[in-house]
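Each chain, letter by letter, is given below.
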Amino acid sequence: MTAAEFAPVFRAFVEANDRFILCGHIRPDGDSIGSCTAMAGLLKSLGKTAEIYYEGDISHYDMIPQPVEMLDPTTIKAACQRPFAWILLDCAQPARTGQGQICAEYCKASICIDHHVNMGEYAEHNWIDPQATSASEMLFRLFKAAGYPIHREQATSLFAGIAFDTGGFRHSSMTPEIYTIAGELSGYGVAITDVMNGIFHTKSMIEQKVLGVILRKAKLYRGCIIVSEVDQADLRQAGGTSDDCEGAVAVLAETREAEASVFLRELSNGQIRVNMRSKQYIDVAEAARAFGGGGHVRAAGCTLDGPMLMAKQQVLTELYKQLREEP
Ligand code: AMP
Ligand code: MN
Ligand code: MN
């Protein structure tokens, strides 16, 4: 489906409702925050009420303006007691929103706009485009196709979302058209240096220390899969938490020898959160789906039960299956 095909559905949905709750996925990233804030900004400019539900730390993304009230796990249930329409962005499964999934029960209408592969269709109206770099790119196309205006704050959100999901306009998902979209968005007055530095080149001292541990513990398997891990003891020693490892997998992926990169972190509940990236031929989304996770061919994630050693072996075994298929 194209943006032009979805635009009439979207316009009718916006016009038929006054109050909206927007959800991205748990552990919000630049694209889920960018797409939710851009959508909220549009709805606000149209005189509608919108609230965004966040589950997880968003403090790393203070370069993205927050135009509306924010909901969290302590307020989402009460917010669902008044009539609302639900917009699911940057994820297709209600469960990926964490406690936001309660919206599925109470909403009077719903739409989903997402770009992940093979995650199903759970909303009333779904626009899923796995070719898109980001949900933010899809919103840019949709706002234009629907004839809605884009203001500076929304442009900042969309630019940040696209920048985040393309690794700073670098990933293989980039096309000449995406550079053109980024150029057009920057023309709305986006503070590009702040956005790019804020997303990609800003770490706390603790995050730098944790990164040091992660690099020291990195190992190369079968000459092409780099793996590193941190457990709760490592994090305590560095004075950090499992939130202090965002971006670590991208640093591992800089390793020349690595086709695939795997980063495992032990969460406070003992589960193991896994981030995976690849460069040429390994489909990490397929590997992540084997453990109930998902994502994209070149970037995916999943959460396994501990202990760490077992989780690591399971993930490696899954990736090795794809190595054998390579000539
Ligand atoms: P991450 O490694 O968390 O940065 O995620 C990489 C990509 O995979 C992002 O597009 C995520 O939204 C997606 N992803 C991560 N974990 C999951 C999951 N459990 N289910 C579906 N998609 C996921
Ligand atoms: Mn995302
Ligand atoms: Mn995304």
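Sequence order as written defines the numbering, with residues in each chain counted from 1. Written order determines the labels here, with chains lettered from A and ligands numbered from 1. For this predicted model, a pLDDT threshold of at least 70 governs which residues receive local features, and a threshold of 80 or more governs which side-chain atom pairs are given and counted, while totals over whole chains, interfaces and linings are taken from all residues. In computing side-chain values, all of the structure's heavy atoms are included and hydrogens and water are not.

A.B. asks: If you had to explain the overall build of the chain to someone new, which residues and values would you point to?
C.D. replies: Helix and strand definitions follow DSSP, with helices as H or I runs of at least four residues and strands as E runs of at least two, each counted in order from the N terminus. For the chain, the count of helices and strands is 13 helices and 12 strands. Radius of gyration here uses only the C-alpha atoms, and the compact-globule reference equals 2.2 Å multiplied by the residue count raised to the power 0.38. The globule rule puts the C-alpha radius of gyration for 327 residues at 20 Å, and the 20 Å found for the chain is close to it. Exposed residues in this analysis have more than 50% of their type's maximum accessible area, buried residues have under 20%, and partly exposed residues fall in between, with area computed by a 1.4 Å probe over protein chains only. In the chain, which comprises 327 residues, the proportion classed as buried is 54%. A separation of at least 24 residues holds for 64% of the contacts in the chain among residues at least 6 apart in sequence. Carbon and sulfur atoms make up 50% of the accessible area of the chain, which amounts to about 14,500 Å² in all. It only takes one pair of heavy atoms within 4.5 Å for two residues to be counted as in contact. Residue burial considers only the protein chains on display, and all accessible areas are found by Shrake-Rupley using a 1.4 Å probe.

A.B. asks: Can you tell me about the packing of helix H2 (residues 30-45) against helix H5 (residues 135-145), naming the residues and giving the values?
C.D. replies: Lines fitted to the C-alpha atoms define the axes, with helices restricted to the stretch that makes contact. Angles between their N-to-C directions range from 0 to 180 degrees. Between H2 and H5, the shortest axis-to-axis distance is 8 Å and the interhelical angle comes to 25 degrees. The angle between H2 and H5 falls in the class roughly parallel. Two secondary-structure elements touch here, H2 through Asp31, Gly34, Ser35, Ala38, Met39 and Leu42 and H5 through Ala135, Ser136, Leu139 and Phe143. When an angle is under 35 degrees it counts as roughly parallel; over 145 it counts as roughly antiparallel; between 65 and 115 it counts as roughly perpendicular; any other value is oblique.

A.B. asks: I'd love a proper account of the packing of aromatic side chains, names of residues and values included.
C.D. replies: Under the pairing criterion, centres of Phe, Tyr and Trp rings, with the six-membered ring standing for Trp, must be within 6.5 Å; the plane angle then separates stacked pairs below 30 degrees from edge-to-face pairs above 60, leaving the rest tilted. In the structure shown here, the tally under the stated rule is six aromatic pairs. Between phenylalanine 10 and tyrosine 148, the ring centres sit 6.0 Å apart and the planes meet at 85 degrees, which makes this aromatic pair edge-to-face. Taken together, the positions of phenylalanine 10 in helix H1 (residues 3-16) and tyrosine 148 in the loop between H5 and helix H6 (152-165) put the pair 138 residues apart, joining distant regions of the chain. With relative accessibility at 0%, the residue phenylalanine 10 sits in the buried group. Through a chain of ring-to-ring contacts, three or more aromatic side chains come together here, namely Phe10, Phe143 and Tyr148.

A.B. asks: Any chance you could break down the nonpolar core for me, citing the residues and the numbers?
C.D. replies: Buried Ala, Val, Leu, Ile, Met, Phe, Trp, Tyr and Cys residues that are joined via side-chain atoms within 4.5 Å together make up what is termed a nonpolar core. Of all hydrophobic cores here, the largest spans 55 residues; its most connected members are Phe10, Leu22, Met39, Ile87, Ile113, Leu139 and Phe143. Broken down by element, the residue count for this core peaks at seven residues, all from H2. The residues touching phenylalanine 10, leaving out its near neighbours within four places in the chain, are Met39, Leu42, Ile111, Leu142, Phe143, Ala146 and Tyr148. Counting residues in hydrophobic clusters, the runner-up holds 25 residues, among them Val262, Ile282, Met308 and Leu316.

A.B. asks: How would you sum up the sheet that holds strand S9 (residues 260-266)? Please name residues and give values.
C.D. replies: When DSSP finds two or more bridges between two strands, those strands count as paired. Reading across from one edge, S7-S8-S9-S10-S12-S11 is the order of the six strands in this open sheet, with mixed pairing throughout. Of all strands in the sheet, those bounded by a partner on one side alone are strand S7 (219-221) and strand S11 (294-295). As paired elements, strand S8 (residues 225-230) and S9 share six bridges and run parallel to each other. The partner of isoleucine 225 across the bridge, within S9, is alanine 260.

A.B. asks: Hey, could you go over the domain arrangement of the chain for me, with residue numbers and the actual values?
C.D. replies: Here the chain is partitioned into domain 1 (3-200) and domain 2 (205-320). Segmentation of the chain into domains, including their bounds, is taken from an automatic or database domain assignment. With centres defined by C-alpha atoms, the gap from domain 1 to domain 2 works out at 26 Å. With both chains or domains summed, domain 1 and domain 2 bury close to 840 Å², and 49% of this area falls on carbon and sulfur atoms. N or O atoms closer than or at 3.5 Å make up a polar contact, with two conditions inside protein: a donor-capable atom paired with an acceptor-capable one, and, for residues adjacent in sequence, both atoms drawn from side chains. On inspection of domain 1 and its partner domain 2, the count reaches three residue pairs in polar contact (both at pLDDT 80 or more). Its residues assigned to classes, the side of domain 1 that touches domain 2 comprises two nonpolar, five polar and two charged. Accessible area that two parts lose when put together, evaluated with a 1.4 Å probe and summed over both, is termed the buried area. Gly counts as polar in this scheme, as do all residues outside two lists: the nonpolar Ala, Val, Leu, Ile, Met, Phe, Trp, Tyr, Cys and Pro, and the charged Asp, Glu, Lys and Arg.

A.B. asks: Outline the coordination of the manganese ion (ligand 2), listing residues and values.
C.D. replies: Coordinating donors are taken to be N, O and S atoms lying within 2.8 Å of the metal, or within 3.2 Å when the metal is Na, K or Ca; because water is excluded from the atom set, some sites may appear incomplete. Ligation of the manganese ion (ligand 2) by protein atoms is provided by His25 (NE2), Asp29 (OD), Asp29 (OD) and Asp90 (OD), these donors lying 2.1 to 2.8 Å from the ion. Every donor residue of the manganese ion (ligand 2) comes from the same chain, spaced as H-x3-D-x60-D. Taken as an interatomic distance, the gap from the manganese ion (ligand 2) to the manganese ion (ligand 3) is 3.5 Å; aspartate 90 donates to each of them. A residue pair is termed long-range when its members are at least 10 positions apart, and aspartate 29 in the loop between strand S1 (19-23) and H2 and aspartate 90 in the loop between strand S4 (85-89) and helix H4 (102-106) qualify at 61 residues. On the basis of relative accessibility, which here comes to 16%, the residue aspartate 29 falls in the buried class.

A.B. asks: Before we move on, could you go through the coordination of the manganese ion (ligand 3) and cite the residues and values that matter?
C.D. replies: Every protein donor of the manganese ion (ligand 3) is accounted for by Asp31 (OD), Asp90 (OD), His115 (NE2) and Asp165 (OD), and the metal-donor separations fall at 2.1 to 2.2 Å. Donor residues binding the manganese ion (ligand 3) come from one chain and are separated in sequence as D-x58-D-x24-H-x49-D.

A.B. asks: Could you give an account of the site of ligand 1, naming the residues involved and the relevant values?
C.D. replies: Around ligand 1 sit 14 residues, and of these His116, Arg273, Asn275, Arg277 and Gly294 come closest. Between ligand 1 and the protein, one listed contact pairs an oxygen atom with a side-chain N or O atom of arginine 277 at 2.8 Å. Alanine 300 is positioned with one of its backbone polar atoms (N or O) 3.5 Å from an oxygen atom of ligand 1. Burial of ligand 1 by the surrounding chains reaches 87%, relative to a free accessible area of 480 Å². Elements represented by at least two residues in the shell around ligand 1 include exactly strand S10 (272-278), S11 and strand S12 (299-304). For the shell around ligand 1, the class distribution of residues is three nonpolar, eight polar and three charged. For the shell around ligand 1, the two domains that each supply at least three residues are domain 1 (3-200) and domain 2 (205-320). For this description, a residue counts as near a given molecule or strand if any of its non-hydrogen atoms is within 4 Å of it.

A.B. asks: Give me the lowdown on the sheet that holds strand S5 (residues 109-114), citing residues and values where you can.
C.D. replies: Within the open sheet, the six strands sit side by side as S3-S2-S1-S4-S5-S6. Their pairing is parallel. Looking at the sheet topology across the chains shown, the edges are occupied by strand S3 (69-71) and strand S6 (125-128). Taken pair by pair, the neighbouring strands of this sheet meet at an average axis angle of 20 degrees, ignoring direction. As judged from the three bridges shared by strand S2 (residues 49-53) and S3, these two strands associate in the parallel manner. Looking across to S3, one finds that tyrosine 53 is bridged to leucine 71. Contacting S1, S4, S5 and S6, H1 crosses the sheet at an angle of about 150 degrees to S5. Packed onto the sheet, H5 meets S4, S5 and S6 and runs at close to 115 degrees relative to S5.

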